[in-house]
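# Understanding the architecture of this molecule
Read off the chains here:
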Amino acid sequence: MEKKGIDKRKQAIALIVLSAFCFTMMNFCVRASGDLPSMQKSFFRNFVAMFFALGVLLKNKQSLKWKKGNLKWLLLRAFLGSLGIVCNFYAIDHIPLANASILNKMSPFFVIIFSFFILKEKLKFWQGFAVFIAFIGTLFIIKPSVTNIDLIPSAIGLFGGMCAGFAYTMVRLLGTKGENGAVIVLFFSTFSCISMLPFLIFDFHPMQWQQLLFLLGAGVSAAGGQFSITAAYCRAPAREISVYDYSQIIFATIVGFVFLGEIPDMYSFIGYITICSMAVFMYIYNNRSDKENPKVK
């Protein structure tokens, strides 16, 4: 029985690393699609995901209807999630790929903050400490100064991570209310596509077939990442595998260097190490806390 649990955990780790690679390729495809509005890129990214989620629900013969009382939380998740994607895509287009990825990966730390205020979950001292140090790490990446031309896109990237953190908090809330995960994805993707339509109609930028191919690739990669990470969390608890999601920073640094010729500066590397170290710290802390309080499991 123990061996079976270990095998499931290994599968979960492999799946979450696969999802990190998929999301890196999504970011790369977004950058490679060229000079297009972030809204337009976001539409195509979610258009593909919408059909994937719909296909899953139809295949499993599940209802497309959300549970009573969940509409307001679904709308909040969809709005903040859509805003987060647009901000992330804007950052991807204007700063190094690894920088945009790590700023977006601040979302788990924002989840801790929002869970404290919205879900009334306890914020322990060491959790607060990890969040504080992680935010110091972002300063090394953003490098706030009037001479830094990347300041605004970096700040927008961090804001996107904050929006994603709020959206994930809503997902967590919806999960406690028994909402179907595929319904959440479908609602979010559909809402995002509809909300982007006005921008697409009034500010549509004609695309070459290569650009369209890259945007569809971004959508397929995003769907692959979403389903991989969902499968991973179905096989093992988040406290055991979430830290492996930060492998995306390694993938992003390699892809950025090989395909885009990007070499992050020393301060950015310090920021990466600081944030990833706090993620590892939280991973160890949560596992130790679960062993001491088995009921939490």
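Placed above this text is the structure.
Reading the values: rules and limits
Residues numbered from 1 in each chain as written. Predicted model: local features only at pLDDT ≥ 70, side-chain atom pairs only at ≥ 80, totals over all residues. Heavy atoms only, no water. Helix = DSSP H or I, 4+ residues; strand = E, 2+ residues; numbered from the N terminus. Buried < 20%, exposed > 50% of the residue type's maximum accessible area, 1.4 Å probe, protein only. Contact = heavy atoms within 4.5 Å. Axes fitted to C-alpha atoms, helices over the stretch in contact; angles between N-to-C directions. Parallel < 35°, antiparallel > 145°, perpendicular 65-115°, else oblique. Left-handed = near helix turned anticlockwise from the far one by under 90°. Nonpolar A, V, L, I, M, F, W, Y, C, P; charged D, E, K, R; others polar.

Attention now moves to the environment of Gly-160. The residue Gly-160 is located in helix 7 (residues 151-176) in this model. You can call Gly-160 buried: its relative accessible area is 0%. In the structure, Gly-160 is positioned 94 residues away from Ile-254 in sequence and 23 Å away in space, judged by C-alpha atoms. Discounting residues that sit within four places of it in the chain, Gly-160 has contacts with Gly-84, Cys-87 and Asn-104.

Before going further, it helps to examine the packing of helix 6 (residues 125-142) against helix 7. One can describe the packing of helix 6 onto helix 7 by two numbers: an axis separation of 10 Å at closest approach and a directional angle of 150°. In terms of their interaxial angle, helix 6 and helix 7 are classed as roughly antiparallel. The chirality of how helix 6 crosses helix 7 is right-handed. From helix 6, Thr-138, Ile-141 and Ile-142 reach across to helix 7, where they touch Leu-151, Ser-154 and Leu-158. Tallied by class, residues from the contact of helix 6 with helix 7 come to four nonpolar, two polar and no charged.

This next bit is on the side chain of Ser-42. When you line up the elements, Ser-42 lands in helix 2 (residues 38-59). Those residues within four positions of Ser-42 in sequence are excluded, and the remaining contacts are Ile-85, Val-86, Phe-89, Ser-192 and Met-196.

Let us look at the environment of Ala-236. With respect to the element layout, Ala-236 can be found in the loop between helix 9 (209-235) and helix 10 (238-241). Residue classification places Ala-236 among the buried positions, given a relative accessible area of 5%. Sequence separation between Ala-236 and Lys-72 is 164 residues; the distance between their C-alpha atoms is 30 Å. Excluding residues that lie within four positions of it along the chain, Ala-236 makes contacts with Arg-9, Ala-12 and Ile-241.

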